[in-house]
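Letter by letter, the chains look like this.
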Amino acid sequence: MAGRVHPRQLAFSLPHAESLSRDNFLEGPANAAGLALIDGWPEWPNRIMWLAGPEGSGKSHLAAIWAEEAGARSTTANALTASTVPGALATGALVVEDLRVGAFDERALFHLMNLAREDGAYVLFTGRELPAALDIELRDLRSRLRAVPAISLLPPDDQLFRGLIVKFCADRQLTVDESVVSYLATRLERSSAAARRAVELLDSEALRLGRPVTRALAADLLRDA
C-alpha cells in the first residue's frame, strides 16, 4: 500500500513593521559616531553630511530618527531628478538614501547641493561607501561630494549583534530563548543583514512546519543554508 502523502503546509509571507523610532535604536560602539551625528543636529560641522555603512548597519534607522527630528523629507538617490529637487528641499531638510555608482542623476545631485547651500538647507546622504569611493564623471560634483564630512558605521560587536537578533525576533513577534540567540550569534556572519535574513528564515520555516523557533530548528536551517 502506497504511503500517504501529507499536504505541505503553506507559509504566507506577511509584512512585519520594523520600528524606526529613537527608542528602538540599539546603541553600541559600532554606531556611536552615527548616533552622535544625529543627536548633535542642528550643530553639525556642515549642513550637508554623509552617513556610510554596510547593508543593515542602521543607516536608514538613523536617517529616519533625524528626519522625524528635523522635519525632513526623504527620497532615494535614484528617484531624484532636477525637477523634483526644489520640492524635495521644501522643508529645509532632506534625507537622500542609497547613493551608489550608476544609481543617481549626477546633474540632479549637483543641483540639489547647490540649492541646499543657497537656501541653507540640511541634507543627510546615506550610502554603503564613502564619497571618495564613488566614481563620479561630473568633476564639480565629484569635488563637492568629496568635501562632504562623512561618518562611518562599523560592523556590530558581540553585544550589539546579539541585541539585533533579539530585536529582529521581537519585530516579528517571535519568542526565542537564550540558546537560539547564542547559537545564531556564534554562527552567522557578523552583520545586521545576516541576522535579519536568518530571523526571517526561521520565522517562515517555523510557520511552515508548525514548530516553535528552537535551537534545533536554527541548526537545521543553518546546516542546509
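Preceding this section is the structure that the text describes.
Attention here is on the structure that accompanies the text.

What counts, and where the lines are drawn
- Residues numbered from 1 in each chain as written.
- Predicted model: local features only at pLDDT ≥ 70, side-chain atom pairs only at ≥ 80, totals over all residues.
- Heavy atoms only, no water.
- Salt bridge = Lys/Arg side-chain N within 4 Å of Asp/Glu carboxyl O.
- Helix = DSSP H or I, 4+ residues; strand = E, 2+ residues; numbered from the N terminus.
- Buried < 20%, exposed > 50% of the residue type's maximum accessible area, 1.4 Å probe, protein only.
- Lys, Arg positive; Asp, Glu negative; His and termini not counted.
- Polar contact = N/O pair within 3.5 Å; in protein donor to acceptor, adjacent residues only side chain to side chain.
- Core = buried A, V, L, I, M, F, W, Y, C linked by side-chain atoms within 4.5 Å.
- Contact = heavy atoms within 4.5 Å.
- Phe/Tyr/Trp six-rings, centres within 6.5 Å; stacked < 30°, edge-to-face > 60°.

1. Structural notes on the pattern of salt bridges
And then number 1: One pass over the full model with this rule turns up 11 salt bridges.
And then number 2: Where Asp-98 meets Arg-100, a salt bridge forms, and the shortest distance between an N and an O atom there is 2.8 Å.
And then number 3: In this structure, the salt-bridge partner of Glu-178 is Arg-162, at a minimum N-O distance of 1.9 Å. Placement of Glu-178 in helix 7 (residues 178–187) and of Arg-162 in helix 6 (residues 158–171) is noted, with a sequence separation of 16 residues between them.
And then number 4: If you follow the salt bridges from partner to partner, you end up with Arg-22, Glu-27 and Asp-39 in one network.

2. Digging into the side chain of Glu-97
And then number 1: Inspection of the secondary structure puts Glu-97 in strand 3 (residues 93–97).
And then number 2: Within the buried set, Glu-97 has no salt-bridge partner at all; the shortest N-O distance to an opposite charge, 6.9 Å, is to Lys-59.
And then number 3: Only 2.6 Å separates the side chain of Glu-97 from the side chain of Ser-60, close enough to count as a polar contact.

3. A word on the nonpolar core
And then number 1: Membership of the largest hydrophobic core comes to 27 residues, with the highest contact counts inside it found for Leu-89, Leu-109, Leu-112, Phe-125 and Leu-141.
And then number 2: Breaking this core down by element, the ones donating at least two residues are strand 1 (48–52), helix 3 (85–88), strand 3, helix 4 (106–119), strand 4 (122–127) and helix 5 (139–146).
And then number 3: Ranked by residue count, the leading element in this core is helix 4, at 6 residues.
And then number 4: Excluding anything up to four places from it in sequence, Leu-141 contacts Phe-104, Glu-106, Leu-109, Phe-110, Met-113 and Ile-136.
And then number 5: Listed in part, the 24 residues of the second largest apolar core include Leu-164, Tyr-183, Leu-188 and Ala-198.

4. Description of the packing of aromatic side chains
And then number 1: Applying the stated criterion across every chain, the model contains 5 aromatic pairs.
And then number 2: Taken together, a centroid distance of 6.2 Å and an interplanar angle of 85° make the contact between Trp-41 and Trp-66 edge-to-face. Of the two residues, Trp-41 is situated in the loop between helix 1 (32–40) and strand 1 and Trp-66 in helix 2 (residues 59–70); the sequence distance between them amounts to 25 residues.
And then number 3: For Trp-66, a relative accessible area of 0% translates into the label buried.
And then number 4: Between Trp-44 and Trp-66, the aromatic rings sit 5.1 Å apart at their centres with planes inclined by 25°, giving stacked as the arrangement. With Trp-44 in the loop between helix 1 and strand 1 and Trp-66 in helix 2, this residue pair connects regions lying 22 residues apart in the sequence.
And then number 5: One aromatic cluster is present, built from ring pairs that chain together Trp-41, Trp-44, Trp-66 and Tyr-122.

The values are spatial; any link to function lies outside them.
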